[in-house]
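# Chain and residue survey
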Amino acid sequence: MNTSPLLLALLGDARLPSGGHTQSAGLEPALRAGTTAAQVPVYLRARLRTVIRVEAGTAVVARAVAAGGGDLAEVEAAWAARTPSQALRANGRRLGRGHLRVLQTLWPGPVDARARTWSRPVVLGLLAHRAAMAPADVARLVGYDDVQTVTAALLKLEPQDPLLIAAWVKDLLPDIDEMAAQVADLHTPEQIPAHGAPLIERWAETHDTTTERLFSA
């Protein structure tokens, strides 16, 4: 199964009403905690190896479970168990509702009544099944979306040369492909990776109670 590059471009477009423009993927609290702009590529690689590997693995498994007619609530529970931060869980489910709108508009069909309580990677897995996306491609989409979210937020929080940011994204493409390859063959909730990122989780909890902020997460 091959996914059209144009479909990936469509789903990676920041203009989609999925809430991505409200996010910094943890960058805003990371900068407040002392991370520098020059350290953003390191920050992104850390995310790809931890929280994003969990999310990409969840999306791949959700796709497989949806294809087999299984219960996506079990995938959601497995994702939640691997996401200890309540703030990250709540934000993931807010993003899930945005992606549910995309799914219902572009690939309409019956949806479980519990779908509004599912996280972004679970909804993306269902979307990937409906859109006939290859497992590695939905994982790439999760990784690329995270990298673009962080770098777009940096341009608002600490403006940089946009071409420098583009070069960072280009240099991270092999990391995204590597991460996607690591999770592409997963099929069951038990196989979803479990990688902790204590600082990212702590920053998310702190950011959740911060009143003066540009991004919701």
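Attention here is on the structure that accompanies the text. Numbering of residues starts from 1 in every chain and runs along the sequence as written. Local features in this predicted model are restricted to residues of pLDDT 70 or higher, and side-chain atom pairs are both shown and tallied only at a pLDDT of 80 or more, whereas totals for entire chains, interfaces and linings draw on every residue. Excluding hydrogens and water, the side-chain figures rest on all heavy atoms present in the structure.

### Things to note about a positive patch on the surface
To count toward a patch, a residue needs a relative accessible area above 30% and no salt bridge. Like charges then connect within 9 Å, nonpolar side chains (Val, Leu, Ile, Met, Phe, Trp, Tyr) within 5 Å. Only the protein chains shown count as covering a residue, and every accessible area follows the Shrake-Rupley method with a 1.4 Å probe. What counts as a salt bridge is simple: a side-chain nitrogen of Lys or Arg found within 4 Å of a carboxyl oxygen of Asp or Glu. Here the positive residues are Lys and Arg and the negative ones are Asp and Glu; neither His nor the chain ends is included. A charge is said to be at NZ when it belongs to Lys, at CZ for Arg, at CG for Asp and at CD for Glu. There is a patch of like positive charges on the surface, built from Arg94, Arg97, Arg116 and Arg213. Relative accessibility under 20% of the residue-type maximum defines a buried residue, over 50% an exposed one, and the middle range a partly exposed one, all with a 1.4 Å probe and only protein chains included. Using a relative accessible area of 53% as the deciding quantity, one classes Arg116 as exposed.

### A look at the packing of helix H5 (residues 72–81) against helix H6 (residues 86–106)
Two quantities define a packed helix pair, namely the angle between the axes and the distance from one axis to the other. Taken N-terminus to C-terminus, the directions of H5 and H6 make an angle of 145 degrees; their axes are 10 Å apart at the nearest point. Where H5 approaches H6, its residues Glu76, Trp79 and Ala80 are matched on the opposing element by Leu88, Arg89, Gly92 and Arg93. Note on geometry: axes are C-alpha line fits, over the in-contact stretch for helices, and angles between N-to-C directions span 0 to 180 degrees. Secondary structure follows DSSP: runs of H or I at least 4 residues long count as helices, runs of E at least 2 residues long count as strands, and numbering of each begins at the N terminus. We call two residues contacting when some pair of their heavy atoms lies within 4.5 Å.

### Details of unusual backbone geometry
In this structure, Ala25 is a non-glycine residue whose phi angle is positive, near 55 degrees. Inspection of the secondary structure assignment puts Ala25 in the loop between helix H1 (5–11) and helix H2 (27–32).

### A closer look at the pattern of salt bridges
Applying the stated criterion across every chain, the model contains 11 salt bridges. Across the pair Glu28 and Arg32 runs a salt bridge, and its minimum N-O distance is 3.9 Å. One end of the pair is Glu28 and the other is Arg32, both in helix H2 and 4 residues apart, which spans about a single turn. You can call Glu28 buried: its relative accessible area is 5%. A relative accessible area of 51% means that Arg32 is categorised as exposed.

### Comments concerning the nonpolar core
Buried Ala, Val, Leu, Ile, Met, Phe, Trp, Tyr and Cys residues that are joined via side-chain atoms within 4.5 Å together make up what is termed a nonpolar core. Counting 63 residues, the largest nonpolar core has Leu11, Leu27, Leu72, Val75, Leu127, Met133 and Leu154 as the members making the most contacts within it. Looking at which element gives the most residues to this core, the answer is helix H4 (residues 51–67), with 10 residues.

### Things to note about helix H9 (residues 162–183)
Taking 1.5 Å per residue as the helical rise, H9 with its 22 residues ought to reach 32 Å, and the 31 Å between its terminal C-alpha atoms agrees with that figure. We define the bend at any residue as the angle between the axes fitted to the seven residues before and including it, ending there, and the seven starting there. A bend of about 35 degrees at Leu172 is the largest found in H9, and the proline Pro174 appears one to four places after it. Among the residues of H9, those classed as buried are Ile165, Trp168, Val169, Leu172, Asp175, Ile176, Met179, Ala180 and Val183. Looking at the buried positions of H9, the neighbouring elements they touch are helix H3 (40–49), H4 and helix H8 (135–157). Here a polar contact is recorded for every N or O atom pair within 3.5 Å, except that within protein the pair must consist of a potential hydrogen donor and a potential acceptor, and residues adjacent in sequence are included only if both atoms are side-chain atoms. You can read the cap of H9 off the contacts: a side-chain oxygen lies 3.0 Å from the backbone nitrogen of Leu163, and it is on Asp161. Here a helix's expected span is defined as the number of its residues, less one, multiplied by 1.5 Å.

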